[in-house]
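Analysis of the macromolecular model
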Amino acid sequence: MESLKKILRLGGDLTWEDAAELLHSDIDVNKTFGVGPRMAFANAILRGDPRQFGVVGLVLCAIGGSGFEEWLRGSRLYDGLIWRAGVAVEGDGEIRAVLWFQGGRDTVKKFFNSMISFRKRKSK
């Protein structure tokens, strides 16, 4: 018997389609995309109680190179995330899990600042 479990993605044109890497190519159009944790996350959800999940819909909103401050309430990116989430739950959809995978720029900045501070201490 074929599994009814399915992973979909909400595309840039706001239509649902089968999910496959590269998931983000029409969301963040100015970046080069690699494979991230999104499909593994969706598959982990589907491996849970099979009676609870038949379909997982990925609603991609991340913008590569953006920082946490660009996602504050009222910002353009935050408003876009809320809008896409609203489209995703139209009908009988519901949000039951969230994967936040954003802020690499902030991590790199903190790492470099830590390295500079470390080097200054070592040179004294």
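A brief look at the structure comes next. Just so it is clear, the structure is predicted and the values come from calculations on it, not from any experiment. (Residues numbered from 1 in each chain as written. Predicted model: local features only at pLDDT ≥ 70, side-chain atom pairs only at ≥ 80, totals over all residues. Heavy atoms only, no water.)

**Details of a nonpolar patch on the surface**
What counts here: Like charges are joined within 9 Å and nonpolar side chains (Val, Leu, Ile, Met, Phe, Trp, Tyr) within 5 Å, but only among residues with over 30% relative accessible area and no salt bridge; these make up the patches. Reported accessibility uses the Shrake-Rupley method at a 1.4 Å probe radius. Residues are deemed covered only where the shown protein chains occlude them. Here a salt bridge means any side-chain nitrogen of Lys or Arg lying within 4 Å of a carboxyl oxygen belonging to Asp or Glu. Strands here are runs of E lasting at least two residues and helices are runs of H or I lasting at least four, both read from the DSSP assignment and numbered beginning at the N terminus.
A grouping of F68, I95, V98 and W100 is seen on the molecular surface, where their side chains present a nonpolar patch of about 430 Å² in accessible area. On the secondary structure map, V98 appears in the loop between helix 2 (76-88) and helix 3 (104-123).

**Considerations on the pairing of strand 3 (residues 55-58)**
The condition is simple: Only protein chains enter the accessibility calculation, which uses a 1.4 Å probe; a residue is then buried when its area is under 20% of its type maximum, exposed when over 50%, and partly exposed in between. A pair of strands counts as paired when DSSP detects no fewer than two bridges linking them.
Only one face of strand 3 is buried, namely the one carrying V56 and L58, since none of V55 and G57 on the opposite face is buried. Both strand 1 (residues 6-10) and strand 3 contribute to a ladder of 4 bridges, which runs parallel. When the bridges of strand 3 are listed, K6 appears paired with V55.

**Focus on the sheet that holds strand 3**
In plain terms, the rule: Axis definition: a line fitted to C-alpha atoms, limited for helices to the stretch in contact. Angles are taken between N-to-C directions and run from 0 to 180 degrees.
Pairing is mixed across the open sheet formed by 3 strands, whose spatial order is 2-1-3. For this open sheet the edge positions go to strand 2 (16-18) and strand 3, each flanked by a neighbour on one side alone. Between one strand axis and the next, the sheet turns through 35 degrees on average, direction left out of account. Judged from the 3 bridges that link them, strand 1 and strand 2 form a sheet pairing that is antiparallel. Bridge assignment links L10 to a residue of strand 2, and that residue is W16.

**Some words on helix 2**
Here is the rule: The span one expects for a helix is its residue count, reduced by one, times 1.5 Å. Read the arc as the range of directions from the helix axis to the C-beta atoms. Between two residues, a contact is recorded if the distance between any of their heavy atoms is within 4.5 Å.
Here helix 2 contains 13 residues, and its C-alpha end-to-end distance of 18 Å stays within 8% of the 18 Å for a straight helix at 1.5 Å per residue. For helix 2, every residue scored as buried is listed here: L77, R84, A85, V87 and A88. Buried residues of helix 2 fall within an arc of 160 degrees about the axis and therefore sit on the same side. Residues of helix 2 that are buried make contact with strand 1 and strand 2.

**A word on the nonpolar core**
The tendency in soluble globular proteins is for nonpolar side chains to be buried side by side. Basically, it comes down to this: Nine residue types can take part in a nonpolar core, namely buried Ala, Val, Leu, Ile, Met, Phe, Trp, Tyr and Cys, and a core is a set of them joined through side-chain atoms within 4.5 Å.
One finds I7, A19, M39, A42, I45, L46, F53, V56, L58 and L60 forming the largest nonpolar core, which totals 10 residues. The set of elements that each furnish at least two residues to this core consists of helix 1 (38-46) and strand 3. Among the elements that make up this core, the one with the highest residue count is helix 1 (4 residues).

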